[in-house]
Amino acid sequence: MKNTRKQQRPIAAESIAHLADQGGDVSRFFTNKGRMMGPIQRVNVDLASGMLEELDRAAKELNISRQAVIKTLIRQALDLQYLARGNRKLVKRK
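I will try to describe carefully the structure that is included in this document. (Residues numbered from 1 in each chain as written. Predicted model: local features only at pLDDT ≥ 70, side-chain atom pairs only at ≥ 80, totals over all residues. Heavy atoms only, no water.)

Thoughts on the layout of surface pockets
Then comes step 1: In this structure, the largest pocket occupies an estimated 980 Å³ of space.
Then comes step 2: If you go around the largest pocket, you meet 23 residues; those closest to its centre are Val43, Gln67, Ile70, Lys71 and Ile74.
Then comes step 3: Of all elements in the fold, only helix 2 (49-62) and helix 3 (66-85) reach the threshold of two or more residues within the lining of the largest pocket.
Then comes step 4: When residues in the lining of the largest pocket are grouped by element, the largest group, eight residues, is from helix 3. (1 Å grid on protein atoms, 1.4 Å probe; cavity = no way out; pocket = protein on both sides within 12 Å on 5 of 7 lines; lining within 4 Å. Points joined across faces, edges and corners; volume = space filled by probe spheres on them. Helix = DSSP H or I, 4+ residues; strand = E, 2+ residues; numbered from the N terminus.)

With respect to the environment of Gln67
Then comes step 1: Tracing the chain through its elements places Gln67 in helix 3.
Then comes step 2: Judged by relative accessible area, which is 49%, Gln67 ranks as partly exposed.
Then comes step 3: A sequence separation of 11 residues divides Gln67 from Asp56, and the C-alpha atoms of the two residues are 9.6 Å apart. (Buried < 20%, exposed > 50% of the residue type's maximum accessible area, 1.4 Å probe, protein only.)

Regarding the packing of helix 2 against helix 3
Then comes step 1: The geometry of helix 2 relative to helix 3 is characterised by a closest axis approach of 8 Å and an angle of 100° between their N-to-C directions. Relative to helix 3, the element helix 2 lies roughly perpendicular. Together, Leu52, Leu55, Asp56, Ala58, Ala59 and Leu62 of helix 2 and Arg66, Val69, Ile70 and Leu73 of helix 3 make up the contact between the two elements.
Then comes step 2: For the contact of helix 2 with helix 3, the class distribution of residues is eight nonpolar, no polar and two charged. (Axes fitted to C-alpha atoms, helices over the stretch in contact; angles between N-to-C directions. Parallel < 35°, antiparallel > 145°, perpendicular 65-115°, else oblique. Contact = heavy atoms within 4.5 Å. Nonpolar A, V, L, I, M, F, W, Y, C, P; charged D, E, K, R; others polar.)

Here we look at the environment of Leu47
Then comes step 1: Tracing the backbone shows Leu47 in the loop between helix 1 (13-21) and helix 2.
Then comes step 2: A residue is classified by how much of its surface remains accessible, and Leu47, at 34% relative accessible area, is partly exposed.
Then comes step 3: Once residues lying within four places of it in the same chain are set aside, the contact partners of Leu47 are Leu52 and Leu55.

Description of the pattern of salt bridges
Then comes step 1: Throughout the structure, instances matching the rule amount to two salt bridges.
Then comes step 2: For Arg66, the salt bridge is made with Asp56, and the minimal N-O distance between the two is 2.7 Å. Separated by 10 residues along the polypeptide, Arg66 in helix 3 and Asp56 in helix 2 bring together distant segments of the chain.
Then comes step 3: In this structure Asp56 comes out as partly exposed when scored by relative accessible area, which is 31%. (Salt bridge = Lys/Arg side-chain N within 4 Å of Asp/Glu carboxyl O.)

Any functional reading would require information beyond the geometric quantities listed.
As structure tokens, then:
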């Protein structure tokens, strides 16, 4: 049987903001399924060229950005450190 439901196009964030500014109900646009992230802080890290090449190879193999590789490796290292100390339960990531 063919699906006859029309797919709704995503609405632009600016449109939602405008509706909210006008006092409209925007609750239908939010599912409460996500999690709040704190503010992002940028940092600079100096890396040896060999380490940078390794990161780039890993990123290429995983088909993700260099930044994603760095974040993943840092998260894994911190989780291992916390587990070794017994300070934190490992949080499952989706």
